[in-house]
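The residues making up each chain are set out below.
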Amino acid sequence: MLTVEGLTAANLGPIDLSLGDREILALRGPSGAGKSLLLRALVDLDPSEGRVALDGVERAALPAPDWRRRVAYLPAESGWWADRVGEHFARPEEARPEIEALGLPGESLDWAVARLSTGEKQRLALVRALQQEPKVLLLDEPTSALDPEARDAVEALIRRQREAGRAILLVSHDHSQAERLADRVLEIEKGRLVGPAPGAAPGAEPRR
Amino acid sequence: MNASYLSLSYWDVGLAGLFLVLNAGLSIWLRLGLARQIAVAAGRMVVQLLLIGLLLKAIFAIQSPWLTAGVGLAMIGFASREVWARQERKLRGPWGFALGGAAMALAATLVIVVGLSALIQPQPWWSPRFALPLFGMILGNALTGVSLALDTLSATLDRERRAVEAQLLLGATRWRALRPVTRRALRSGMMPIINSMAATGVVSLPGMMSGQILSGVDPTEAVKYQLLIMFLIGGATGLGVLLAVLGGVRRLTDARHRLRLDRLRAASPEAG
C-alpha cells in the first residue's frame, strides 16, 4: 500500500519502508530519534527527498492537499483554529457516533475548544482526521494523555480502522500497546530504522 | 495668497528652543535622567532638518528628473531598512529587506505618479518641490503599515503554527489554512491609517494642513489638499500592506502547501 524508498529529510533517513493493507506497524525509539520527523516527512509537511507512493501513485504526482487527505497524520499535540469543536469537522453530525465510541458525549461538538483537556483534544482530533477517510493513518502517541478506559476505546477504534482496510503507522512509547496492536514493531534511532525492535519481533510474546 | 506669510529669523527659532532648555532643567532638578536624551534628540533634529533644508533647496534649484528619482530611491532604501529593523522575526536572506521594500516601493510609486501626473499636475509633473514632500508622507505611512503587517504575520504564524498545520493536514490549501492569519496581518497593517483618518480634524489638525494655513493658504484650500493627500496615503498604505502580506504568506509557505517557518530568522531581542 504505502511504499517508501530512500526517504531523507533534515536529521532523518535514508528510510526504506513498506506498509501493507490492513497492517499496523508500530514505531519505537528514544526521544529525538526522529519518529515524528518521519511522520511529518511522509505526510509532506516538511521538505523531504526520496520516493513515497501510495498504491503505486507517486506522492509528487498528487497536489499536497490531496496527498494529505489520503495519508492522514495525527500529531501528538493537535491544533485548533476556531472557537467551537464542531467548526473543526467537515461533517459534524456524522462524527457523533465515533466521538461517543471514544467515551465523549456527542454534545462535545458544541463545546468551546478552550475548555478541552489534552486527552479530549487527542480523541476529538482522531475522529476529525478520520472524516477525510484516509487510506493510511499516521498516529503519533494517540493515547499518551488518556486513562486506561479511554485508551482501550481508542485501541478498539484503531482495530476497527484496520478492519476497514486502512494501513496504520503507530508511534508509541507504550511497549505493551505496540505489542497489543501491531503486526510489526520497528525501532528508529538517530533518524534511521534499525530493524525490528528488540523482543518485539513478529509473533513475539507480550512482555509483562 | 502668501501675503500673510511671516518669515522667521534664526533668532526667533533659537528663543523657542528655550522651552526645551527649561524641560532639560526640570529633568535635572527632578532627577528624571532625561536631560541628556533631550539634548541629543534636539541636537539631531536641528542638524538633520538644517541639512535636509539645504539639500532640498539645492534639489529644487537643479530641477532634474534623474536627481528627483534618485532621491526617491534613497528614501525607499531608508524606508526598507526601517521596515526590516522593526521586524521581531525577519525573513532570512535578502527577502527580509526586499519584501517590505518592494511592496512599499510599488504601492507608493504607483500612487505618487498618478497623484502628480493626473491630479495635482504641477509643471513639470515630477517637480521635486511637489514630488519629494508628498512621496515622503506617503512612504512614511506605508512604512508604518507594512512593518506592522509583516511583524503580525510572522508573530501570529509562529504562535498559531499547530492550528495552521492542523488545517493543512486536513487537506486545506496554504491560502485557506493561512486565511485567519492573513486577515489579522492585513487588519493590523491598515489600523493606523484608518484610525488617523477617523481622528483627523477632530483630535488634531494634520501637520501639512497646519503648515499651509500658517503660510497663509485659505483653510478650505488647505483642507482640499489634505483630503487628497490622505486619500493617496490611504491608497498606498492599503496596497503596500496587501502586497507585503500576500508576498509574506507566499514566502512562508511553499508549492507543496507546507508552512516554512524555517525561512524566518530567530527572534532578535533588540527589535521592538
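Small disclaimer: the values here were computed from a predicted structure and weren't measured.

1. Points about the UniProt feature "transmembrane region" (unreviewed entry) in chain B
Here is step 1 of the chain: The UniProt record annotates "transmembrane region" (unreviewed entry) at residues 13–34, 41–60, 66–84, 96–120, 132–153, 193–215 and 227–249 of chain B.
Here is step 2 of the chain: Here residues 13–34 of chain B is 73% helix and 0% strand, with 22 Å between the C-alpha atoms at its ends.

2. A word on a nonpolar patch on the surface
Here is step 1 of the chain: A grouping of Y10, M45, V46, V47, L49, L50, L51, I52, L54 and L55 of chain B is seen on the molecular surface, where their side chains present a nonpolar patch of about 1000 Å² in accessible area.
Here is step 2 of the chain: Mapped onto the secondary structure, L50 of chain B falls in helix 3 (residues 35–62).

3. Observations regarding the sheet that holds strand 4 (residues 49–54) of chain A
Residues and elements named next belong to chain A.
Here is step 1 of the chain: Spatially, 4 strands are ordered 2-1-4-5 in an open sheet, and the strand pairing comes out antiparallel. The two strands at the open ends of the sheet, each matched to only one other strand, are strand 2 (12–19) and strand 5 (57–58).
Here is step 2 of the chain: Summarising the sheet, strand 1 (residues 2–9) and strand 4 pair through 5 bridges and their orientation is antiparallel. Paired with L2 across the two strands is L54, which belongs to strand 4.
Here is step 3 of the chain: Packing of helix 1 (residues 35–42) onto the sheet brings it into contact with strand 1, strand 2 and strand 4, and relative to strand 1 it is tilted by some 115 degrees.

4. Remarks on the pairing of strand 4 of chain A
All names here are of chain A.
Here is step 1 of the chain: Pairing analysis gives 2 bridges linking strand 4 to strand 5, with the strands arranged antiparallel. Directly across from L54, in strand 5, lies its bridge partner V57.
Here is step 2 of the chain: Hairpin connection from strand 4 to strand 5: 2 residues lie between these consecutive antiparallel strands, with D55 at a positive phi of about 50 degrees.

5. Overview of the sheet that holds strand 6 (residues 71–74) of chain A
All names here are of chain A.
Here is step 1 of the chain: The mixed open sheet is built from 6 strands, whose spatial order is 6-7-8-3-9-10. If you trace the sheet from one side to the other, it starts and ends with strand 6 and strand 10 (192–196), each paired once. This sheet shows a mean twist of 20 degrees between the axes of neighbouring strands, independent of strand direction.
Here is step 2 of the chain: Relative to strand 8 (residues 167–171), strand 3 (residues 24–28) runs parallel, the two being bridged by 4 bridges.

6. Observations regarding the pattern of salt bridges
Here is step 1 of the chain: This model, assessed by the stated rule, comprises 28 salt bridges over all chains.
Here is step 2 of the chain: Note that D183 of chain A is salt-bridged to R162 of chain A, the shortest N-O span being 3.1 Å. With D183 of chain A in the loop between helix 6 (175–181) and strand 9 (184–189) and R162 of chain A in helix 5 (residues 148–163), this residue pair connects regions lying 21 residues apart in the sequence.
Here is step 3 of the chain: By relative accessible area, which is 34% here, D183 of chain A ends up partly exposed.
Here is step 4 of the chain: Put simply, D44 of chain A together with D254, R256, R258, R260 and D262 of chain B are held in one network by salt bridges that share partners.

7. Some words on the domain arrangement of chain B
Residues and elements named next belong to chain B.
Here is step 1 of the chain: For chain B, the assigned domains are domain 1 (8–62) and domain 2 (65–263).
Here is step 2 of the chain: One C-alpha centre belongs to domain 1, the other to domain 2, and the line joining them spans 30 Å.
Here is step 3 of the chain: Each partner contributes residues to the interface: domain 1 has 4 residues there, and domain 2 has 5 residues.
Here is step 4 of the chain: Both sides of the domain 1 and domain 2 interface together cover about 420 Å² of buried area, and 95% of this is carbon and sulfur.
Here is step 5 of the chain: Counting every contact that joins domain 1 to domain 2 gives 0 salt bridges.
Here is step 6 of the chain: Put simply, domain 1 and domain 2 have 0 residue pairs in polar contact (both at pLDDT 80 or more) between them.
Here is step 7 of the chain: In terms of residue class, the side of domain 1 that touches domain 2 is made up of 4 nonpolar, no polar and no charged.

8. Overview of the interface of chain A and chain B
Interfaces are frequently sized by the accessible area removed from exposure as the parts join.
Here is step 1 of the chain: In this complex, chain A contributes 26 residues to the contact, which on the side of chain B involves 16 residues.
Here is step 2 of the chain: The largest contributions to the chain A side of the interface with chain B come from L45, R68 and W81 of chain A, which together make up 32% of the buried area.
Here is step 3 of the chain: In this assembly, chain A and chain B are joined by 4 salt bridges.
Here is step 4 of the chain: At the surface where chain A touches chain B, the tally comes to 8 residue pairs in polar contact (both at pLDDT 80 or more).
Here is step 5 of the chain: Elements with a contribution of two residues or more to the side of chain A that touches chain B: helix 2 (64–70) and helix 4 (118–130) of chain A.
Here is step 6 of the chain: Among the elements that take part in the side of chain A that touches chain B, helix 2 of chain A stands out by supplying 4 residues, more than any other.
Here is step 7 of the chain: Broken down by class, the residue content of the side of chain A that touches chain B amounts to 13 nonpolar, 5 polar and 8 charged.

9. Regarding unusual backbone geometry
Here is step 1 of the chain: In this chain, G13 of chain A is followed by P14 of chain A through a cis amide linkage whose omega measures 5 degrees.
Here is step 2 of the chain: Mapped onto the fold, P14 of chain A is located in strand 2.
Here is step 3 of the chain: Looking along the chain, the bond that leaves Q123 of chain B and enters P124 of chain B is cis, with omega of -15 degrees.
Here is step 4 of the chain: Here P124 of chain B shows up in the loop between helix 5 (95–120) and helix 6 (128–159).
Here is step 5 of the chain: Of note in this structure, D55 of chain A is not a glycine but carries a positive phi near 50 degrees.
Here is step 6 of the chain: Since its relative accessible area comes to 44%, D55 of chain A is described here as partly exposed.
Here is step 7 of the chain: For E141 of chain A, which is not glycine, the phi dihedral falls at a positive 50 degrees.
Here is step 8 of the chain: Tracing the backbone shows E141 of chain A in the loop between strand 7 (136–140) and helix 5.

10. Some points on the side chain of S108 of chain A
Residues and elements named next belong to chain A.
Here is step 1 of the chain: Within the secondary structure layout, S108 lies in the loop between helix 3 (92–101) and helix 4.
Here is step 2 of the chain: A distance of 2.7 Å separates a polar side-chain atom of S108 from the backbone oxygen of P105.
Here is step 3 of the chain: Residues in contact with S108, not counting those within four places in the same chain, are V85, I99 and L124.

11. Quick word on the nonpolar core
Proteins that are soluble and globular tend to have nonpolar side chains buried together.
Here is step 1 of the chain: Of all hydrophobic cores here, the largest spans 76 residues; its most connected members are L42, L138 and L169 of chain A together with L157 of chain B.
Here is step 2 of the chain: The dominant element in this core, judged by the number of residues it contributes, is helix 6 of chain B, at 12 residues.
Here is step 3 of the chain: Ranked by size, the runner-up nonpolar core spans 34 residues in total, among them V113, L126, V127 and L137 of chain A.

About the cut-offs
- Residues numbered from 1 in each chain as written.
- Chains lettered and ligands numbered in written order.
- Predicted model: local features only at pLDDT ≥ 70, side-chain atom pairs only at ≥ 80, totals over all residues.
- Heavy atoms only, no water.
- UniProt positions renumbered as here; feature names shortened; annotations may be inferred.
- Helix = DSSP H or I, 4+ residues; strand = E, 2+ residues; numbered from the N terminus.
- Patch = residues over 30% accessible without salt bridge, like charges linked within 9 Å, V, L, I, M, F, W, Y side chains within 5 Å.
- Areas by Shrake-Rupley, 256 points an atom, 1.4 Å probe, with all protein chains shown as cover.
- Salt bridge = Lys/Arg side-chain N within 4 Å of Asp/Glu carboxyl O.
- Pairing = 2+ DSSP bridges.
- Contact = heavy atoms within 4.5 Å.
- Axes fitted to C-alpha atoms, helices over the stretch in contact; angles between N-to-C directions.
- Buried < 20%, exposed > 50% of the residue type's maximum accessible area, 1.4 Å probe, protein only.
- Domains from an automatic or database assignment.
- Buried area = accessible area lost by both parts, 1.4 Å probe.
- Polar contact = N/O pair within 3.5 Å; in protein donor to acceptor, adjacent residues only side chain to side chain.
- Nonpolar A, V, L, I, M, F, W, Y, C, P; charged D, E, K, R; others polar.
- Core = buried A, V, L, I, M, F, W, Y, C linked by side-chain atoms within 4.5 Å.

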